[in-house]
Protein chains: 2
Amino acid sequence: MSTTTVTSKEKAFSEVIRERRSVRAYDPNFTISKEEMTELLGEAILAPSSSNLQPWRFLVIDDQQMKEKLLPIAWNQQQVVEASAVIAVLGDLESYKLADKIYTRAFEAGYMPEDTKNAFVERTVKTYGSLPKDIATRIVSTDGGLISMQLMLAAKARGYDTVPMGGYDAVKFAEAFGIGERYVPIMLIAIGKAAKPGHPTVRLTVDEVASWNEFTN
Amino acid sequence: MSTTTVTSKEKAFSEVIRERRSVRAYDPNFTISKEEMTELLGEAILAPSSSNLQPWRFLVIDDQQMKEKLLPIAWNQQQVVEASAVIAVLGDLESYKLADKIYTRAFEAGYMPEDTKNAFVERTVKTYGSLPKDIATRIVSTDGGLISMQLMLAAKARGYDTVPMGGYDAVKFAEAFGIGERYVPIMLIAIGKAAKPGHPTVRLTVDEVASWNEFTN
């Protein structure tokens, strides 16, 4: 069995998922550089998405004045101003417009032949371009969940803590930060250095949420 | 800096996210025991969810006859019958009905005082019980994305591969497997031992999907 030595910077996967907890108290003096935030987002975006359209968009709010602007919109939750940053995860309802860019890049990397690329782009634009808004919203919400989970875990692996926040006024948020109707706010994620550990929480058991071959819930 | 030695069973987090790829060719003779699947789901459900309501439900389809039944519903994608299992991730639109059970368990574990528990349950039932269906669907879609990502990563950490599948007839799926209107199919995840590695895929760059303090997409 091959072994790898991991340092505290490179945590074992099983530790990361067990140590991640929602943290609401942050060291207000701790900052995360744009370089490191870029690395972290670069890990998060390795997540999969529907037809690889990668509809996630991020607005990283790490300027103190902008955090203050967000504070009342997020119902005065202190982590908004005390965390190093709040990352707004948004879903692009028109990500099919990037299909050509994405698949052309895959073709250029040698991952697919040109005619496959052309067929993919045509089919994707046709299918996604004609989706009813509620279906498109569901897809970007699910893809937004995928990326958010990988982002929170990647943060924990780097020694940071996070809290996913659904409690904010999405309409006011979109207005205040100039986010057009093309983009659906999925969640806010506060990230930083914990000042107090997160509370433990309970879970339903696997038996309570899973069934085998026949649905019994 | 403290170090931990990880074996191939206990992979480093950064390896897991880099090695995870969508795999569509599986060893049809490889099985995953119910015990190990239960352990894997137990890791996945450490994910966070909106108000900790844990709306995820899983239907693990590992019986060959049931996989055959699913095959045409999932447009004859061979991984449905060749993977060890297909896990249907569902979202419970009425998970607030479990608020009392969940928060009572948190109270009994000593994580919150009784009056906090009572206030949480009352507020949660009131808020979630009166949500329009499209909003409830968005919430379970996002939470379903969170759990699906953690599930796929936990599978990879154990040496398995996965592929998230949105391409199936959700209506026929619900009919064929007796899934009532209370539950929204989020995605199918095939899981097993790869027979062929997944294709590499491309990503938009961080610069293309992220902006700082001012939304520029």
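Look up a bit, the structure's there.
Definitions and cut-offs
Residues numbered from 1 in each chain as written. Chains lettered and ligands numbered in written order. Predicted model: local features only at pLDDT ≥ 70, side-chain atom pairs only at ≥ 80, totals over all residues. Buried ≥ 20, exposed ≤ 12 C-beta atoms within 10 Å, placed from the backbone. Helix = DSSP H or I, 4+ residues; strand = E, 2+ residues; numbered from the N terminus. Pairing = 2+ DSSP bridges. Least-squares fit on C-alpha atoms with pLDDT ≥ 70 in both. Contact = placed C-beta atoms within 7 Å. Core = buried A, V, L, I, M, F, W, Y, C linked by C-beta atoms within 7 Å. Nonpolar A, V, L, I, M, F, W, Y, C, P; charged D, E, K, R; others polar. Axes fitted to C-alpha atoms, helices over the stretch in contact; angles between N-to-C directions. Parallel < 35°, antiparallel > 145°, perpendicular 65-115°, else oblique. Left-handed = near helix turned anticlockwise from the far one by under 90°.

Draft legend 1. Summary view of the pairing of strand β4 (residues 161-165) of chain A. Residues and elements named next belong to chain A. The buried fraction of β4 amounts to 5 of the 5 residues, a majority that puts the element mostly inside the structure. Across 5 bridges, the pairing between β4 and strand β5 (residues 183-192) is antiparallel. Bridge pairing in β5 places proline 164 opposite isoleucine 189.

Draft legend 2. Up close: the environment of glutamate 68 of chain B. All names here are of chain B. The residue glutamate 68 is located in helix α3 (residues 64-73) in this model. We classify glutamate 68 as exposed; it has 11 C-beta atoms within 10 Å. Between the C-alpha atom of glutamate 68 and that of glutamate 82, which follows or precedes it by 14 residues, the distance is 9.9 Å.

Draft legend 3. Spatial organisation of the relation of the copies chain B and chain A. Of the transformation placing chain B onto chain A, the axial shift is 0.0 Å and the rotation is 180°, giving an RMSD of 0.0 Å. Each copy turns onto its partner about a two-fold axis. Mapped onto chain A, 100% of the interface residues of chain B are again interface residues, and the two copies thus contact each other with one and the same surface.

Draft legend 4. Molecular detail of the environment of proline 28 of chain A. Residue and element names in this part refer to chain A. Structurally, proline 28 is set in the loop between α1 (13-19) and α2 (34-44). The exposure class assigned to proline 28 is partly exposed, which follows from the 17 C-beta atoms found within 10 Å. Separated by 114 residues in sequence, proline 28 and threonine 142 have C-alpha atoms that sit 32 Å apart.

Draft legend 5. Fine view of the nonpolar core. In this structure, Val86 of chain A together with Val86 of chain B are the most contacted members of the largest nonpolar core, which totals 109 residues. Ignoring any residue separated from it by four or fewer positions in sequence, one finds valine 86 of chain B in contact with Ile61, Lys67, Leu70, Val80, Leu188, Ile189 and Ala190 of chain B.

Draft legend 6. Just the interface of chain B and chain A, in detail. Taken together, the contact between chain B and chain A spans 80 residues of the former and 80 residues of the latter. At 15 residues, the largest contribution of residues to the side of chain B that touches chain A is made by helix α7 (residues 133-157) of chain B. The class makeup of the residues in the side of chain B that touches chain A is 40 nonpolar, 27 polar and 13 charged. Here 3 bridges tie strand β2 (residues 56-61) of chain A to strand β6 (residues 210-212) of chain B, and the two strands are oriented parallel to one another. Bridge assignment links phenylalanine 58 of chain A to a residue of β6 of chain B, and that residue is alanine 210 of chain B.

Draft legend 7. Structural context of the packing of helix α7 (residues 133-157) of chain A against α7 of chain B. Across the interface, α7 of chain A lies against α7 of chain B with an axial gap of 7 Å and an inter-helix angle of 40°. Taken together, the axis directions place α7 of chain A and α7 of chain B in an arrangement best described as oblique. When you trace α7 of chain A past α7 of chain B, the crossing you get is right-handed. Of the residues that constitute the contact of α7 of chain A with α7 of chain B, the class distribution is 6 nonpolar, 14 polar and 6 charged.

Draft legend 8. Molecular detail of the sheet that holds strand β6 (residues 210-212) of chain A. The 5 strands are arranged β6(A)-β2(B)-β3(B)-β5(B)-β4(B) in an open sheet whose pairing can be described as mixed. Of all the strands in the sheet, just β6 of chain A together with β4 (161-165) of chain B have a single pairing partner and so form its edges. The mean inter-strand angle of the sheet, taken between neighbouring strand axes irrespective of direction, is 25°. Direction of pairing for strand β2 (residues 56-61) of chain B relative to strand β3 (residues 85-92) of chain B: antiparallel, over a ladder of 6 bridges. Across the sheet, tryptophan 56 of chain B pairs through a bridge with glycine 91 of chain B, a residue of β3 of chain B.

All quantities given are derived from atomic positions and should not be read as evidence of function.
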